[in-house]
Amino acid sequence: MSELNRVKKIFELLNVYEGVMKDEICSYLSLSNKLNNLIKSSEYRPPYQLNLLDIVGVKETLTSRIVSLIFNYKIGNDYILCRSFIEEFLVNCGFDSKWIKSPSIKAERDRIDVKVWEEGKYTIIIENKLKGAPFRRNQIARYIQKMKDSGYPDDRIFIVVLPDYVDRLFFDHIKQSVWYLPKDWKAPNREQRCYKDEYSCLCDSGEASPLCKDCNKDFRQKFTPRTVILDLDFINWLENRCLSLIPVDECLLRSAIIQFVDFLKGVFNNRLNHKLVMEIVEFLREQLIDADKPLIEQWKTIENKRQEVQKLISGLENLQTSIGKEQIDTWRDLLMPKWGQWLKCENRKSFGINIQGVWCGCWCDDGSGAKPYWGFQCDSPTQEQIEMVNRILEKVGNTSAKPEPGWIAWYYTWHGDERCNDLYVAARELGYLK
């Protein structure tokens, strides 16, 4: 066979392969449409989505307040919901329910998201990560030490973490330094000798610090038995046990809990009920499996289909990223006449302006399914820069921004040109751009 004919054969095979792949993609998209129609027509379909917490884009502080208000409900002198929570999740950690008499329950007390305590008896520290906020350096260790300094013994201090995703190894993924207490922990952050940034100690990156030998590193081991991570179990408690304890005529409280449960299910991507899931399973069984084949062959068929679907998902995610990057360039072009010389950009990646040493703009990262987002980027911001950004956000009425290492504030957006121009105008009106 000549070299030319060999090349022709290769292209013919590629065309055949491309045709097969297109047919597979069309088949899966058709199956997806059928499944979507099944869900819409099912008697077990999810309720019409009108969740007030989703609509207003709540901050972490509001979810903490909701938890504290739920716990504060009482009948007579009995805090029945707080008591139920403790009996459900903390008795197995050594909490004696006889200690509960008249608890104080506050959100944002001593910088703790939710604190439940009775003087001299016990204290419960609830750390709220439902909005994805990262742990700050020495965070849990500082809370524990404050409670110890207030007179609580180790076995009367309990820690509850509410994460924003389900992971049975969540506890193991918490950075060690979150549990470490440096000797100078009461000093302002930037004056502490092991300070790296708001979220990290030098020890997190393997850098030696003179204070490492003096740092209290025992808290993780001591308090592991009295620490619980609550994800889906918390939802189940709210939806089942909690609602069952509240009188029917307490309609506002019941309504608030139902909304909060739905919000949490959205956080954990768990809004489909069990009966609908089983209906979906039976639909896929009928569509994809030959019931006459041995079970192991059926299993292998599904495994092959799953791998093919993963390829489709990967392709769709890459397409999303490509569109997101195109959107960044579109927003840049729209803002160029307004921002002029202030605007700096990287094609198909980012654009922004420098405000007092902080970059304000939009980005779209590499990676599958990357979404465009706006933000204020600064690796090691000063307190003045943080306060500047907060004033700008306050002026534009932002409620959804969140911090992260390297970012004073950021959030996803599909209105990046409008969002960034609002921030630009606010910065000029506040005198940060001359």
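Residues numbered from 1 in each chain as written. Predicted model: local features only at pLDDT ≥ 70, side-chain atom pairs only at ≥ 80, totals over all residues. Heavy atoms only, no water.

### Notes on the side chain of Glu-60
- Structurally, Glu-60 is set in helix α3 (residues 60-71).
- Lys-129 provides the closest opposite charge to the buried, salt-bridge-free Glu-60, at an N-O distance of 5.3 Å.
- Dropping the residues within four chain positions of it, Glu-60 is found in contact with Asp-113, Asn-128, Lys-129, Lys-131 and Ala-133. (Helix = DSSP H or I, 4+ residues; strand = E, 2+ residues; numbered from the N terminus. Buried < 20%, exposed > 50% of the residue type's maximum accessible area, 1.4 Å probe, protein only. Lys, Arg positive; Asp, Glu negative; His and termini not counted. Salt bridge = Lys/Arg side-chain N within 4 Å of Asp/Glu carboxyl O. Contact = heavy atoms within 4.5 Å.)

### Overview of the state of the cysteines
- Enumeration over the complete set of coordinates arrives at 0 disulfides.
- Of the cysteine sulfurs around Cys-242, a residue in no disulfide, the closest is that of Cys-82, at 11 Å.
- As a non-bridged cysteine, Cys-362 has Cys-420 as the owner of its nearest cysteine sulfur, 3.3 Å distant. (Disulfide = S-S within 2.5 Å.)

### Looking at the nonpolar core
- Counting residues in each nonpolar core, the largest one holds 45 residues, and the members touching the most others are Phe-71, Ile-124, Phe-234, Leu-238 and Phe-260.
- Of all the elements in the fold, those that place two or more residues in this core are α3, α4 (80-89), β2 (112-118), β3 (122-128), β4 (157-162), α8 (232-245) and α9 (251-267).
- Contact partners of Phe-234, with chain neighbours within four places excluded, come to Val-67, Phe-85, Phe-89, Leu-162, Phe-260 and Leu-264.
- Ranked by size, the runner-up nonpolar core spans 30 residues in total, among them Ile-353, Ile-355, Ala-427 and Tyr-432. (Core = buried A, V, L, I, M, F, W, Y, C linked by side-chain atoms within 4.5 Å.)

### Structural notes on helix α5 (residues 139-149)
- Within α5, 8 of the 11 residues are buried, leaving the element largely enclosed by the surrounding structure.
- Along α5, the residues that are buried comprise Gln-139, Ile-140, Ala-141, Arg-142, Tyr-143, Ile-144, Gln-145 and Met-147.

### Brief notes about the environment of Gln-356
- Take Gln-356: it is sitting in the loop between β9 (350-355) and β10 (358-363).
- Taking the C-alpha atoms as reference points, Gln-356 and Val-56, 300 residues apart in sequence, are found 30 Å from one another.
- If near-sequence neighbours (up to four positions away) are discounted, Gln-356 is found in contact with Gln-385, Met-388 and Tyr-432.
- Within the structure, the side chain of Gln-356 is placed 3.0 Å from the backbone oxygen of Tyr-432, a separation counted as a polar contact. (Polar contact = N/O pair within 3.5 Å; in protein donor to acceptor, adjacent residues only side chain to side chain.)

### Concerning the confidence of the model for the protein
- On average, the protein scores 86 in pLDDT, and the residues at 70 or more come to 91%.
- Per-element mean pLDDT across the protein ranges from 66 in helix α1 (residues 3-41) up to 97 in α4. (pLDDT = per-residue confidence, 0-100.)

### So, the packing of α4 against α8
- Put simply, α4 and α8 touch, their axes get as near as 11 Å, and they point 135° apart. Here α4 lies oblique to α8, going by the angle between them. Pair α4 / α8 crosses with right-handed handedness. Taking contact as the criterion, the partners of Ile-80, Leu-81, Ser-84, Phe-85, Glu-88 and Phe-89 in α4 are, on α8, Asp-233, Phe-234, Trp-237, Arg-241, Cys-242 and Leu-245.
- Looking at the contact of α4 with α8 residue by residue, the class counts come to 8 nonpolar, 1 polar and 3 charged. (Axes fitted to C-alpha atoms, helices over the stretch in contact; angles between N-to-C directions. Parallel < 35°, antiparallel > 145°, perpendicular 65-115°, else oblique. Left-handed = near helix turned anticlockwise from the far one by under 90°. Nonpolar A, V, L, I, M, F, W, Y, C, P; charged D, E, K, R; others polar.)

### Description of the pairing of β2
- Of all 7 residues making up β2, 7 are buried, and the element is well covered by its neighbours.
- Two strands pair when backbone bridges link them, and strand β1 (residues 104-109) and β2 are joined in this way by 5 bridges, in the antiparallel orientation. Looking across to β2, one finds that Ile-105 is bridged to Val-116.
- What sits between the antiparallel neighbours β1 and β2 is a turn of 2 residues, in which Asp-110 has the positive phi angle 55°.
- Of the strand pairs in this sheet, β2 and β3 are connected by 5 bridges, and their pairing is antiparallel. Within β3, the residue paired with Val-116 across the bridge is Ile-124. (Pairing = 2+ DSSP bridges.)

### Details of unusual backbone geometry
- If you check the backbone angles, Asp-110 has positive phi at about 55° while not being a glycine.
- Of note in this structure, Asn-138 is not a glycine but carries a positive phi near 60°.
- For Asn-138, the location among the structural elements is in the loop between β3 and α5.
- Taking relative accessible area as the criterion, Asn-138 reaches 1% and is therefore assigned buried.

### Some words on the pattern of salt bridges
- In total, this model carries 15 salt bridges according to the counting rule given.
- A salt bridge links Arg-306 to Glu-303, with the nearest nitrogen and oxygen atoms 2.8 Å apart. Separated by 3 residues within a single helix, Arg-306 and Glu-303 lie in helix α11 (residues 295-339), roughly one turn from each other.
- Overall, the relative accessible area of 45% leaves Arg-306 in the partly exposed class.
- Note that Arg-332 and Asp-333 form a salt bridge whose closest N and O atoms lie 3.0 Å from each other.

### Quick look at the environment of Met-147
- One can find Met-147 in helix α5.
- In sequence terms Met-147 and Asp-218 are 71 residues apart; their C-alpha atoms lie 15 Å from each other.
- Excluding residues within four positions of it along the chain, Met-147 makes contact with Asp-110, Ile-112, Lys-115, Thr-123, Ile-125, Tyr-152 and Ile-157.

### A word on the pairing of β3
- Within β3, 7 of the 7 residues are buried, leaving the element largely enclosed by the surrounding structure.
- Both faces of β3 are covered, namely the face carrying Tyr-122, Ile-124, Ile-126 and Asn-128 and the face carrying Thr-123, Ile-125 and Glu-127.
- What sits between the antiparallel neighbours β2 and β3 is a turn of 3 residues, in which Gly-120 has the positive phi angle 80°.
- Bridge count between β3 and β4: 6 bridges; the pairing is parallel. The residue bridging Ile-124 from the neighbouring strand is Phe-158, located in β4.

### What to know about the packing of helix α12 (residues 383-396) against helix α13 (residues 416-429)
- At a minimum axis separation of 9 Å, α12 and α13 run at an interaxial angle of 115°. With respect to their mutual orientation, α12 and α13 come out roughly perpendicular. Classified by chirality, the crossing of α13 by α12 is right-handed. Contacts from Ile-392, Leu-393, Lys-395 and Val-396 in α12 reach Arg-419, Asp-422, Leu-423, Ala-426, Ala-427 and Glu-429 in α13.
- Among the residues forming the contact of α12 with α13, the class breakdown is 6 nonpolar, no polar and 4 charged.

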